[in-house]
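Summary of structural features
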Number of protein chains: 4
Amino acid sequence: MEGFTFSTDVTIRFAETDAQGIAHHASFVVWLEVARVAFLARYAGGYNALRESGIEALTTEVHVRYHRAAYFDETLRIWARCVDLRGARFTYEYRIERDGELVANAYTRHATVDRETYRPTRVPRWLIEAVQTAESATA
Amino acid sequence: MEGFTFSTDVTIRFAETDAQGIAHHASFVVWLEVARVAFLARYAGGYNALRESGIEALTTEVHVRYHRAAYFDETLRIWARCVDLRGARFTYEYRIERDGELVANAYTRHATVDRETYRPTRVPRWLIEAVQTAESATA
Amino acid sequence: MEGFTFSTDVTIRFAETDAQGIAHHASFVVWLEVARVAFLARYAGGYNALRESGIEALTTEVHVRYHRAAYFDETLRIWARCVDLRGARFTYEYRIERDGELVANAYTRHATVDRETYRPTRVPRWLIEAVQTAESATA
Amino acid sequence: MEGFTFSTDVTIRFAETDAQGIAHHASFVVWLEVARVAFLARYAGGYNALRESGIEALTTEVHVRYHRAAYFDETLRIWARCVDLRGARFTYEYRIERDGELVANAYTRHATVDRETYRPTRVPRWLIEAVQTAESATA
C-alpha cells in the first residue's frame, strides 16, 4: 500500500455482524483501535507502555468512509500510519482492504492527557521518535 | 411475574443483532447488567453509590438459557431480583419476556471487593437492607 | 437546540465504558444509530417500515467529534436531524449533550439499496415527505 | 490441557475493557464464539460451510464461571471441545487460560435449525464425523 508500511489483519467475528448480514459499521471503529494498538506494539513498546508512562491517549475524532460491505469470517487488512504528531495531538490514517480491494478508509485524531489530571500533556519524545522511525521506513 | 417485583425494559438495538437476523446471544448478558443497574438505582442509590462507597461488584458467574429468538426493535421486559445476599457474595435471577412470553431466563453471581485492593469485602449493610426492602415487596 | 426538533436520550451502560473509565468512543456510533431508529419511529413508521418496504439503508460514512468525555450512568441527549435527502442518499446530523453541554457532534451518511439486490434505489417518497414534515417543524 | 485438543488465542481489545479496568464479562461470551468458529474452521470446513448447507446453529444456553480478572492486551488461550453431539443439539466446553492459569471456564449449548424454516434439523453427518475425528485426537 502506497504510503503505508504497517498493517494488521482482523477476521470478522459473528458478533460483529448485524441483521443486514454484514459487519456492523461500528465494528470498524473498534478495528481501527486494534490497528493502533498493534502499531504501537510494533514501534513504541505498546499502548501499555504509553499508559504506564502516565499518559492516556484520548480519541477526539473518528471518520470512516465505507466503500464496500464486509462479511462474517472475512479477513480484512488494516493499513495504518501515524501522522501530524506534534504537541499533545496526533492523527492516524487507515485503509481497510479485503484481498487488495478497498473496503473503507478512515482517520482518527487523538490527544494525549496526563493520566491523573486529564490535562493535555505533550506526546513523549520516545513516542515521536518511534513513530518517525516507522514512517521513515515508508520513504 | 410471580416472585419478581422489579422489571426494566430494553429495546433491541440494530447493533445488537447479528447475521442470523436475531439479537446476538451476548447482547442478553449486557441487558442483564442494565437490569442490575436499574435495580440498584431503584432500591439502593445506584451502582455509582456502591462504587463511591469503595466497593466494586465483580461478576463471577453468568448463566443464560435462551427460549426464543428476539428481534430488532422489540422491547423486552427484564424481571430481576437479588437473592442469597450474604458475606461478600450475591446472586441475581432474571426472567426476560416479550409481551408476557418467556424469551430467556438467567442468573448471575457476584462478589464484592474493595475498590483499591480488589480483596473480598462484605456487602455493605445498607445494600442488604435495601435489597431486603425490595424483596419484601414481593410477599 | 437550534435547528434540531428531535432528540432521544441514552443512558450510558457499564458495558459501554472502557479502562479509561469513560464511555468508549465506538459506543457513540451505536447511539447515533439508536437516535436514527427513534427518529424514524417518530416520523416515518419506524426503521422496520423501511425494511419491510424492501429497502435497506446502509451507512456509508460516519464522523464523530468528541468534545468531552462521558461517564457510566450519565444520560446523554442526542439531537438528530435528517438533511440532504435526495436520490438514494441522505445525511443525518447530530449533537450529543449532557445537561445542555456539548459532548460530541457527528454526522452520518447513508445510501438506500434494494433489499434483495443491494443495488441503489431511490429513497421512497413517503420517507422524504415524513422527513420534510419533521424538518419543517424546525422553522 | 487434559481433555482438550483444540485451542485458539484471543488478545483482549481495549474496547472489550470496562471502567473496572478489566475485560467486561460479556466479552468472554463473544470469545467463546470466536473459539467455536475457529474449531469448525479446523475440523469441519468452517461455520460458513454449516450455514451454506442450509443450517443455522442457534445458541440455547451460555454458562461462564469467572475465576480471575483479565486485562487489556493480555492474550488468553481458549481451549474448546464439542461434546454430546446428537440429534439437533450439541454442547461446547471451554477452558480459558492466561499463561496456563485458569481465568474462566464455560459451556454453551446449541441447536441446529433449518435456515429457512428455523425448525430443528439434525446435525449433519459430516459435522458429527468431523467432530468425532477432532475428539478422537484427544485419546
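Note that this is a predicted model, so its numbers are computed, not measured. Going along each chain's sequence as written, the residues are numbered from 1 onward. Chain letters start at A and ligand numbers start at 1, both assigned in the order the entries are written. Given that the model is predicted, a residue must reach a pLDDT of at least 70 before its local features are reported, and side-chain atom pairs must reach 80 or more before they are shown or counted; all residues, however, enter totals for whole chains, interfaces and linings. Just so you know, side-chain values use all the structure's heavy atoms and leave hydrogens and water out.

1. Section: the packing of helix H1 (residues 25-43) of chain A against helix H3 (residues 125-136) of chain A
Residues and elements named next belong to chain A. Fitted lines through C-alpha atoms serve as axes, helices being fitted only where they are in contact, and the angles separating the N-to-C directions of these axes extend from 0 to 180 degrees. Only DSSP runs of H or I reaching four residues or more are called helices, and only runs of E reaching two or more are called strands; each is numbered from the N terminus. Between H1 and H3, whose axes approach to 9 Å, the crossing angle comes to 95°. Looking at the two axes, H1 sits roughly perpendicular to H3. Residues Phe39, Leu40 and Tyr43 of H1 pack against Leu127, Ala130, Val131, Ala134 and Glu135 of H3. We call Asp, Glu, Lys and Arg charged. Ala, Val, Leu, Ile, Met, Phe, Trp, Tyr, Cys and Pro are nonpolar, and the rest, Gly among them, are polar. When the residues that make up the contact of H1 with H3 are grouped by side-chain class, the tally is 7 nonpolar, no polar and 1 charged. The scheme is simple: roughly parallel for angles under 35 degrees, roughly antiparallel for over 145, roughly perpendicular for 65 to 115, oblique for anything else. Residue contacts follow a heavy-atom distance rule, with two residues in contact if any of their heavy atoms lie within 4.5 Å.

2. Focus on the relation of the copies chain A and chain B
To go from the first copy of the chain to the second, apply a rotation about an axis and then a shift along the same axis. We place the copies in one frame by least squares, fitting the C-alpha atoms of every residue whose pLDDT is at least 70 in both. For the pair chain A and chain B, the relating rotation is 180°, the translation along its axis is 0.0 Å, and the fit reaches an RMSD of 0.0 Å. Look at the turn and shift together and you get a two-fold axis relating the two. Among all residues of chain A, the minimum C-alpha distance to the rotation axis is found for A:Asp18, at 1.9 Å. When the interface residues of chain A are mapped onto chain B, 100% of them again fall at the interface, so both copies present the same face.

3. A closer look at the relation of the copies chain C and chain A
Once chain C has been moved 0.0 Å along the axis and rotated by 180°, it coincides with chain A to within an RMSD of 0.0 Å. A shared interface surface links the copies, since 100% of the contact residues of chain C are contact residues in chain A too.

4. Examining the packing of aromatic side chains
Pairing of aromatic rings covers Phe, Tyr and the six-membered ring of Trp, with a centre-to-centre limit of 6.5 Å; geometry is then stacked below 30 degrees between planes, edge-to-face above 60, and tilted otherwise. A complete count under the given rule lists 44 aromatic pairs over all chains for this structure. On the numbers, 5.5 Å between centres and 80° between planes, the contact of B:Tyr47 with C:Phe72 is edge-to-face. A residue pair is termed interchain when its members come from two chains, as with B:Tyr47 in helix H2 (residues 47-52) and C:Phe72 in the loop between strand S2 (55-66) and strand S3 (75-86). Pair check on accessibility: B:Tyr47 and C:Phe72 agree, each one buried. An angle of 85° between the planes, with centres 5.5 Å apart, marks the rings of D:Phe6 and D:Phe39 as edge-to-face. Taken together, the positions of D:Phe6 in strand S1 (residues 6-11) and D:Phe39 in helix H1 (residues 25-43) put the pair 33 residues apart, joining distant regions of the chain. Exposure is judged per residue with a 1.4 Å probe applied to protein chains only, and the accessible area is read against the type maximum: over 50% gives exposed, under 20% gives buried, and values in between give partly exposed. D:Phe6 sits in the buried class, given a relative accessible area of 2%. One aromatic cluster in this structure is built from A:Phe6, A:Phe39, A:Tyr43, A:Phe90, A:Tyr92 and A:Tyr94.

5. Remarks on the environment of C:Gly3
On the secondary structure map, C:Gly3 appears in the segment before strand S1 (6-11). Residue C:Gly3 is classed as partly exposed on the basis of its relative accessible area, which comes to 25%.

6. Comments concerning the pairing of strand S5 (residues 101-114) of chain A
All names here are of chain A. Any two strands with at least two DSSP bridges between them are considered paired. Examined bridge by bridge, strand S2 (residues 55-66) and S5 share 11 bridges and lie antiparallel to one another. Residue Leu58 lies in a different strand from S5, and its bridge partner there is Ala111. One ladder, built from 10 bridges, connects strand S4 (residues 89-98) with S5; its direction is antiparallel. Residue Glu97 lies in a different strand from S5, and its bridge partner there is Leu102. Counted along the chain from S4 to the antiparallel partner S5, the turn is 2 residues long, and its residue Asp99 has a positive phi close to 50°.

7. Focus: unusual backbone geometry
The backbone of A:Asp84 shows a phi angle near 55°, a positive value even though the residue is not glycine. Mapped onto the secondary structure, A:Asp84 falls in strand S3 (residues 75-86). Backbone geometry at D:Asp99 places phi at a positive 50°, although glycine is not the residue there. In this structure, D:Asp99 sits in the loop between strand S4 (89-98) and strand S5 (101-114).

8. Quick notes on the sheet that holds S4(A)
Reading across from one edge, S1(A)-S3(A)-S4(A)-S5(A)-S2(A)-S2(C)-S5(C)-S4(C)-S3(C)-S1(C) is the order of the 10 strands in this open sheet, with antiparallel pairing throughout. The sheet terminates laterally at strand S1 (6-11) of chain A together with S1 of chain C, the two strands that pair on one side only. Here the strands of the sheet are splayed against their neighbours by 25° on average, with no regard to which way each runs.

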